[in-house]
Structures are given as structure tokens and as C-alpha cells.
Amino acid sequence: MDENDFIEKIKKYLDKDAVKFLIDKNIMNTFLREFILEDNLKRINIPEVNKKEALNSFLINNNLKSNDEFEKYKKRYGMNKDNIESIILKPLKIKILAETLFNDQAESRFLRRKNDLNLIVYSIIRNKNKALALELFLRIDSNEDDFSYLASKHSEGTEKITNGIVGPLYKNQVNPILMDKLKTLKEKEVLEPFKLEEWWVILRLENKIISDFTSTIKQKMCLELFEEFLTKQVEKSFLSINKYILGK
């Protein structure tokens, strides 16, 4: 969007006092992001069949089981036909726009980030009792008891309900301290108890999943590139706002 065109569009929505208010309340960037995003999404048309699929997904995700419940939902949040459709279709439009703009750059980004995109699965037992943690480790190490069984019985974290299994996760989704420990382990190797905050932790690396350039990964790369593009547009627009509306 041309800078002068952008400023003229902003002036239709906000006067100087409104702009100053948004800046003072530290919400101007949020406004600009949505403004720029909406302006870009206008060019995206969704086929009717995809609109219906998006609507069904929305109803399922919000546990709306009938048209009556849907109508009550819209009334509760002050939504009409136009803005509810906009809300429902927004995620799909963003995906389409991201792929349209960055399809050709997705694979090169994947190759640069490949190591970060590999997935990891591990097992963990967390317990606040050091002596018990050491006992559990020895029972696992000697094959006296299975890791998953002991995790379901003795772990005090949320992994208890999954028999100790965590993942698959991307590396940046794993606690950095745990990630450093996991890097030192071979598959199925168990690490003796170590202290992490209030817990004594027993860790086992289950497996590493090497990422391929699948359609899902391609879409993820496009979305990441689009978010970076949007951030730069917001930064540029913020400078324009200061320059042309606030006279800075």
C-alpha cells in the first residue's frame, strides 16, 4: 500500500486525538496489524464449499450443536451475518494469502530452519521427593519396572495421564533445560534424576522425528513469512502515522 494512500485511509477512521489515544495506551500496533491485515484479506475470495467447511469447523470448535445455539452465540457477542462470516473465514483467508505471497520462498526457509523443525518425543517423571525419584530411576535402569507404568503411578505432573509421554514437540516448545539434557541422550536412554525448579526429574528420550518438506510444513513456513511481512508493515506504518498525523 502506498504511504499516502495508507494515511488517507487511516484518516477516514481516526482523527489525531484517536491516534494519540491508541499510541498512549500502547495499542496502536494492534490496530495497525488488524487494519493492514484486513486490507490485504479483501483480495481473497473463498468458494462456497470452503465457506461451509469453515462454518462447520467453527461450530464444532465452539460446541454449537444447533442453529438455535449458533443464533444465541451471535446475539451474545453482538455479531451479525457479515461480521460472523468475516471472523469464521479469517484464518482460512490468512492461510491462502500467506501461500499466495510466499509459496516460492517456503522451501528455502524450511532448509534454513530444518533443525528447529525436527520433532522430539520424550518421557518424563516429575516428583518432589528426591529419594523416591532415585528409587524409581534404579527400578527403570535395572528393568525391574517399566518407565510408563512408574510415570502413571508416581509422576506428579500432567504427563501422569499420558504415562509419561510428551510430544511430538518442536524443539522450541520444549523447556530449554530439558532440551539441553535430551540432546545428550540416545533413543531409549534414561537420565538419572536431576533438579528442575521444585521437581526431581527422570528423563528418557523416546525418538527424534526428522521433518520433511510436507504440505503442512510448507504452510507453516508461509505463515511464518507472512507474520514477518506483517510485522514490518506495521513498523513502517507506525512511522508514517507519527510523521503525517502527529507531525513527528
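In the block above lies the structure referred to throughout.
None of the values given here were measured: they were computed from a predicted structure.

Colleague: Which residues make up the overall build of the protein, and what values do they have?
Modeller: The helix and strand tally for the protein stands at 11 helices and four strands. By the compact-globule yardstick of 18 Å for 248 residues, the protein is too spread out, its C-alpha radius of gyration being 25 Å. Projected onto the principal axes, the alpha-carbon positions of the protein cover approximately 75 × 50 × 40 Å. Taken across its 248 residues, the protein has 36% of its residues classed as buried. Total accessible area computed for the protein in this model is approximately 15700 Å², and 50% of it derives from carbon and sulfur atoms. For the protein, the distance from the average position of its 44 positive side-chain charges to the average position of its 40 negative side-chain charges is 3 Å.

Colleague: Before we move on, can you summarise the sheet that holds strand 3 (residues 190-196) with the specific residues and values?
Modeller: With respect to topology, four strands assemble into an open sheet ordered 2-1-4-3, the strand pairing being antiparallel. One side of each edge strand has no neighbouring strand; the edge strands of this open sheet are strand 2 (165-170) and strand 3. Within this sheet the neighbouring strands show an average axis-to-axis angle of 35°, counted without direction. Across five bridges, strand 3 lies against strand 4 (residues 199-209) in antiparallel orientation. Residue pairing across strands places F194 opposite V201, the latter belonging to strand 4. Relative to strand 3, helix 8 (residues 130-141) is tilted by about 170°, and along the sheet it contacts strand 1 (119-127), strand 3 and strand 4.

Colleague: Give me the lowdown on helix 9 (residues 147-154), citing residues and values where you can.
Modeller: Residues spaced three or four apart along an α-helix point in a common direction, a consequence of the helix completing one turn every 3.6 residues. Looking only at helix 9, the buried set comprises F147, L150 and A151. End-on, the buried residues of helix 9 take up no more than an arc of 105°, which puts them together on one face. Residues of helix 9 that are buried sit in contact with strand 1, helix 8, strand 3 and strand 4.

Colleague: For the environment of N115, give the residues involved together with the corresponding values.
Modeller: Note on placement: N115 falls in helix 7 (residues 106-117). Sequence separation between N115 and I210 is 95 residues; the distance between their C-alpha atoms is 8.2 Å.

Colleague: Got a sec to walk through the pattern of salt bridges? Specific residues and values, please.
Modeller: Going through the model one piece at a time under the given rule, you end up with 18 salt bridges. Of the charged contacts in the structure, one is a salt bridge between R33 and E227, with a shortest N-O distance of 2.6 Å. Of this pair, R33 sits in helix 3 (residues 28-41) while E227 sits in helix 11 (residues 215-244), placing them 194 residues apart in sequence. According to the relative accessible area criterion, R33 is partly exposed, its value standing at 27%. On the accessibility criterion, E227 (34% relative accessible area) is partly exposed. Residue R109 is joined to E224 by a salt bridge in which the shortest nitrogen-to-oxygen separation is 2.9 Å. Taken together, the positions of R109 in helix 7 and E224 in helix 11 put the pair 115 residues apart, joining distant regions of the chain. The pair formed by R109 and E224 is uniform in burial state, with each residue classed as buried. The structure contains a network of salt bridges with shared partners spanning R109, R113, K220, E224 and E228.

Colleague: I'd like to hear about the packing of helix 8 against helix 9, residue by residue, with values.
Modeller: For the pair helix 8 and helix 9, interaxial distance at closest approach is 10 Å and the crossing angle is 160°. Here helix 8 lies roughly antiparallel to helix 9, going by the angle between them. Where helix 8 crosses over helix 9, the two elements pack in a sense that is right-handed. On helix 9, the residues that touch L132, L136, R139 and I140 of helix 8 are F147, L150 and H154. For the contact of helix 8 with helix 9, the class distribution of residues is five nonpolar, one polar and one charged.

Rules behind the numbers
- Residues numbered from 1 in each chain as written.
- Predicted model: local features only at pLDDT ≥ 70, side-chain atom pairs only at ≥ 80, totals over all residues.
- Heavy atoms only, no water.
- Helix = DSSP H or I, 4+ residues; strand = E, 2+ residues; numbered from the N terminus.
- Rg over C-alpha atoms; globule rule 2.2 N^0.38 Å.
- Buried < 20%, exposed > 50% of the residue type's maximum accessible area, 1.4 Å probe, protein only.
- Areas by Shrake-Rupley, 256 points an atom, 1.4 Å probe, with all protein chains shown as cover.
- Lys, Arg positive; Asp, Glu negative; His and termini not counted.
- Charge placed at Lys NZ, Arg CZ, Asp CG, Glu CD.
- Pairing = 2+ DSSP bridges.
- Axes fitted to C-alpha atoms, helices over the stretch in contact; angles between N-to-C directions.
- Contact = heavy atoms within 4.5 Å.
- Arc of directions from axis to C-beta.
- Salt bridge = Lys/Arg side-chain N within 4 Å of Asp/Glu carboxyl O.
- Parallel < 35°, antiparallel > 145°, perpendicular 65-115°, else oblique.
- Left-handed = near helix turned anticlockwise from the far one by under 90°.
- Nonpolar A, V, L, I, M, F, W, Y, C, P; charged D, E, K, R; others polar.

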